[in-house]
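This is what each chain is made of:
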Amino acid sequence: MANHIKLYIPGPIEVSEKTFRAFCTPMIGHRSNDFKALSAEIQPKLRALFGTEQRVYLSTSSAWGVMEAAIRNLVVGGKVLNCMCGAFSDKWFDVSQRCGKEAVALKAEWGQPILPEAVEAKLAEGGFDAVTLIHNETSCGVRSPLAEIAAVVKKFPGVLLIVDTVSSFSTEAIPMDKLGIDVLLTGSQKALAMPPGLALFSTSPAALERAAQSKDRGYYFDFIEFEKNAEQDMTPSTPSIAHIFALRSKLEDIETEGAENRYLRHIKLNGMVADWVRRNGFEFFAPEGYRSVSLTCVANNKGIDVAEWIKRLKKEHSLVIDGGYGKLKGKTFRISNMGDETEESIGAVLAALDATLPV
Ligand SMILES: *Cc1c(COP(=O)(O)O)cnc(C)c1O
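Residues numbered from 1 in each chain as written. Predicted model: local features only at pLDDT ≥ 70, side-chain atom pairs only at ≥ 80, totals over all residues. Heavy atoms only, no water.

### Structural notes on the domain arrangement of the chain
Okay, so step 1: Here the chain is described as being made up of domain 1 (6-13 + 257-356) and domain 2 (17-255).
Okay, so step 2: In total, domain 1 and domain 2 occlude about 2,400 Å² of area from one another, counting both sides; carbon and sulfur atoms represent 60% of this.
Okay, so step 3: Looking only at domain 1, the three residues that lose the most surface to domain 2 are Arg-262, Tyr-263 and Tyr-290, adding up to 25% of its buried area.
Okay, so step 4: Counting every contact that joins domain 1 to domain 2 gives one salt bridge.
Okay, so step 5: The partner of Asp-340 in a salt bridge is Lys-250, and the shortest N-O contact between them spans 2.7 Å.
Okay, so step 6: Summed over the shared surface of domain 1 and domain 2, the result is 15 residue pairs in polar contact (both at pLDDT 80 or more).
Okay, so step 7: If you list the elements that add at least two residues to the side of domain 1 that touches domain 2, you get helix 11 (259-279) and strand 12 (295-299).
Okay, so step 8: By residue number, the principal contributor to the side of domain 1 that touches domain 2 is helix 11, which donates four residues. (Domains from an automatic or database assignment. Buried area = accessible area lost by both parts, 1.4 Å probe. Salt bridge = Lys/Arg side-chain N within 4 Å of Asp/Glu carboxyl O. Polar contact = N/O pair within 3.5 Å; in protein donor to acceptor, adjacent residues only side chain to side chain. Helix = DSSP H or I, 4+ residues; strand = E, 2+ residues; numbered from the N terminus.)

Structure follows, in structure tokens:
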């Protein structure tokens, strides 16, 4: 572990020794009482983090499994409004169409937030079953105003709100029940700093009612199956038990630190990166007030050779940042401060950036 290349890309990110040790716990049967006890033990902690009284489900898939599932379970004949402002949210529109749904695009420029007024105007056209929103668009470092958008969606009865918090979950409070979110989902390898392969989600009673009407739920991602099994502290199929041990360990870490302290730590570390950006004459890709606190997407306004820089960082400092997602490759670069980072570790990353930054 000591000499590996450290990841400051926005996922997967660094996994702690403690998490890895938990991941390597000997297996238990997934229908055993030991497994049920493990599930039951983590459930209250998960509900607290989700801000919900509903069950939190564990899906052995990456986040996309649940992102697709939410479309198949909740869109039952009406339209789905896909809010798009970057690579992941754009893809969700494509996925909705591939699921055979009538998808409507609400597009903002990459890097610009989704604004509540725009959501309201689209929903006013009528006929929608659901809205998809990515809270923190990891590809651009843009954070859309979730509470305001949720308040708008609430004005339209029967329209369910599906929110992806893959890169923001546990970096700030996202109270699902209070905001009226119908499906809240996240993945393991980003903000939670675990190995990839697990997705976590919760559903409102309205979302389960809707799912019960869907004829297109399939089996593996059937929300009703998740609910039935979760009632008995189990999952529909054999889960990645290693991930659940790792999750228990991670929840302990969060409890020890305190969720509020964790949120403040993310703000602080993100602020250190922001200071570095300003100090070096770079610009932010997302506008002020709409920037992620878990990663920074930097506009390459100085026209440096980002790919060469990252090669040097990797070779000389054994760490990598990201060189820009998709069409933003080379035009931006991204630095993650998610997970278990500290002032010391982020300070070391910034010092490495300083030592290698091309002039
Ligand atoms: C990474 C990411 C995803 C996709 O996650 P997978 O684990 O690859 O399925 C979805 N949404 C956001 C916001 C992401 O950052």
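### Describing the packing of helix 5 (residues 116-123) against helix 6 (residues 146-154)
In a packed pair of helices, the relevant descriptors are the angle between the two axes and the axis-to-axis distance.
Okay, so step 1: Interaxial distance between helix 5 and helix 6 falls to 9 Å at its minimum, and their mutual angle equals 20 degrees. Between helix 5 and helix 6, the crossing angle belongs to the class labelled roughly parallel. The two elements helix 5 and helix 6 cross, and the hand of that crossing is right-handed. Taking contact as the criterion, the partners of Pro-116, Val-119, Glu-120 and Leu-123 in helix 5 are, on helix 6, Glu-148, Ile-149, Val-152 and Val-153.
Okay, so step 2: Looking at the contact of helix 5 with helix 6 residue by residue, the class counts come to six nonpolar, no polar and two charged. (Axes fitted to C-alpha atoms, helices over the stretch in contact; angles between N-to-C directions. Parallel < 35°, antiparallel > 145°, perpendicular 65-115°, else oblique. Left-handed = near helix turned anticlockwise from the far one by under 90°. Contact = heavy atoms within 4.5 Å. Nonpolar A, V, L, I, M, F, W, Y, C, P; charged D, E, K, R; others polar.)

### What about the packing of aromatic side chains?
Okay, so step 1: Per the stated rule, a full pass over the model turns up twelve aromatic pairs.
Okay, so step 2: For the pair Tyr-220 and Phe-221, a centre-to-centre distance of 4.8 Å together with 90 degrees between the ring planes defines the contact as edge-to-face.
Okay, so step 3: Geometrically, the ring pair formed by Trp-276 and Trp-309 is stacked, given 6.2 Å between the ring centres and 10 degrees between the ring planes. Of this pair, Trp-276 sits in helix 11 while Trp-309 is found in helix 12 (residues 306-317), placing the two residues 33 residues apart along the sequence.
Okay, so step 4: Residue class for Trp-276 comes out buried when judged on its relative accessible area of 0%.
Okay, so step 5: The exposure class of Trp-309 is buried, given its relative accessible area of 1%.
Okay, so step 6: Here the aromatic residues Tyr-57, Phe-201, Phe-223 and Phe-226 are joined through ring pairs into a cluster of three or more.
Okay, so step 7: The positively charged end of Lys-79 is found above the aromatic ring belonging to Phe-128, 4.4 Å away from the centroid.
Okay, so step 8: A cation over an aromatic ring shows up here: Lys-327 above the ring of Trp-110, its NZ or CZ 4.2 Å from the ring centre. (Phe/Tyr/Trp six-rings, centres within 6.5 Å; stacked < 30°, edge-to-face > 60°. Buried < 20%, exposed > 50% of the residue type's maximum accessible area, 1.4 Å probe, protein only. Lys NZ or Arg CZ within 6 Å of the ring centre and 35° of its normal.)

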